[in-house]
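Listed below are the residues making up each chain.
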Amino acid sequence: MDHPDFRVKNRIFATIGYPGPGWAMIKLAPEEQEWLVRSDPHTFTPVTGAWGRAGCTNVRLRSARKGQVREALISAWRKRAPKSLVARL
């Protein structure tokens, strides 16, 4: 897709450079997405269409706080990783 992505067991949980430079996308649960978008709408926005309704969330990197992004990435990783791998960690 012409942008770097982050995977666990070949399943994407985040990308950088989507929808363009200075942005990232994190695959969250819809409830987590809703909370982040409400708490910081300048930084977090749903991806358009069905992907966004499923929890895919765009992150404006310049305004993002490290702690917020770290927690979102951990959550996305846990959501996409095999349950046996999550249990070991």
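Residues numbered from 1 in each chain as written. Predicted model: local features only at pLDDT ≥ 70, side-chain atom pairs only at ≥ 80, totals over all residues. Heavy atoms only, no water.

## Let's talk about the nonpolar core
Link 1 in the chain: Counting residues in each nonpolar core, the largest one holds 15 residues, and the members touching the most others are I26, L28 and V59.
Link 2 in the chain: Elements that contribute at least two residues to this core include exactly β2 (11–16), β3 (23–27), α3 (66–80) and α4 (83–88).
Link 3 in the chain: The leading source of residues in this core is α3, at three residues.
Link 4 in the chain: Apart from the residues within four sequence positions on either side, L28 is in contact with Q33, L36, A54, G55, T57, A72, A76 and K79. (Core = buried A, V, L, I, M, F, W, Y, C linked by side-chain atoms within 4.5 Å. Buried < 20%, exposed > 50% of the residue type's maximum accessible area, 1.4 Å probe, protein only. Helix = DSSP H or I, 4+ residues; strand = E, 2+ residues; numbered from the N terminus. Contact = heavy atoms within 4.5 Å.)

## Thoughts on the side chain of Q68
Link 1 in the chain: By secondary structure assignment, the location of Q68 is in helix α3.
Link 2 in the chain: Given a relative accessible area of 12%, Q68 falls into the buried group.

## Details of the pattern of salt bridges
Link 1 in the chain: For the coordinates displayed, the defined rule picks out two salt bridges.
Link 2 in the chain: Across the pair D5 and R7 runs a salt bridge whose closest N-O atoms are separated by 2.9 Å.
Link 3 in the chain: Relative accessible area serves as the criterion here: at 43%, R7 is assigned to the partly exposed category.
Link 4 in the chain: A salt bridge links R38 to E34, with the nearest nitrogen and oxygen atoms 2.1 Å apart. (Salt bridge = Lys/Arg side-chain N within 4 Å of Asp/Glu carboxyl O.)

## Focus: unusual backbone geometry
Link 1 in the chain: The omega torsion of the bond from Y18 to P19 falls at 10°, within 30 degrees of zero and hence cis.
Link 2 in the chain: With respect to the helices and strands, the residue P19 is situated in the loop between β2 and β3.
Link 3 in the chain: At K9, a position not held by glycine, the phi torsion is positive, near 50°.
Link 4 in the chain: With respect to the helices and strands, the residue K9 is situated in the loop between β1 (5–8) and β2.
Link 5 in the chain: Given the relative accessible area of 62%, K9 is considered exposed.

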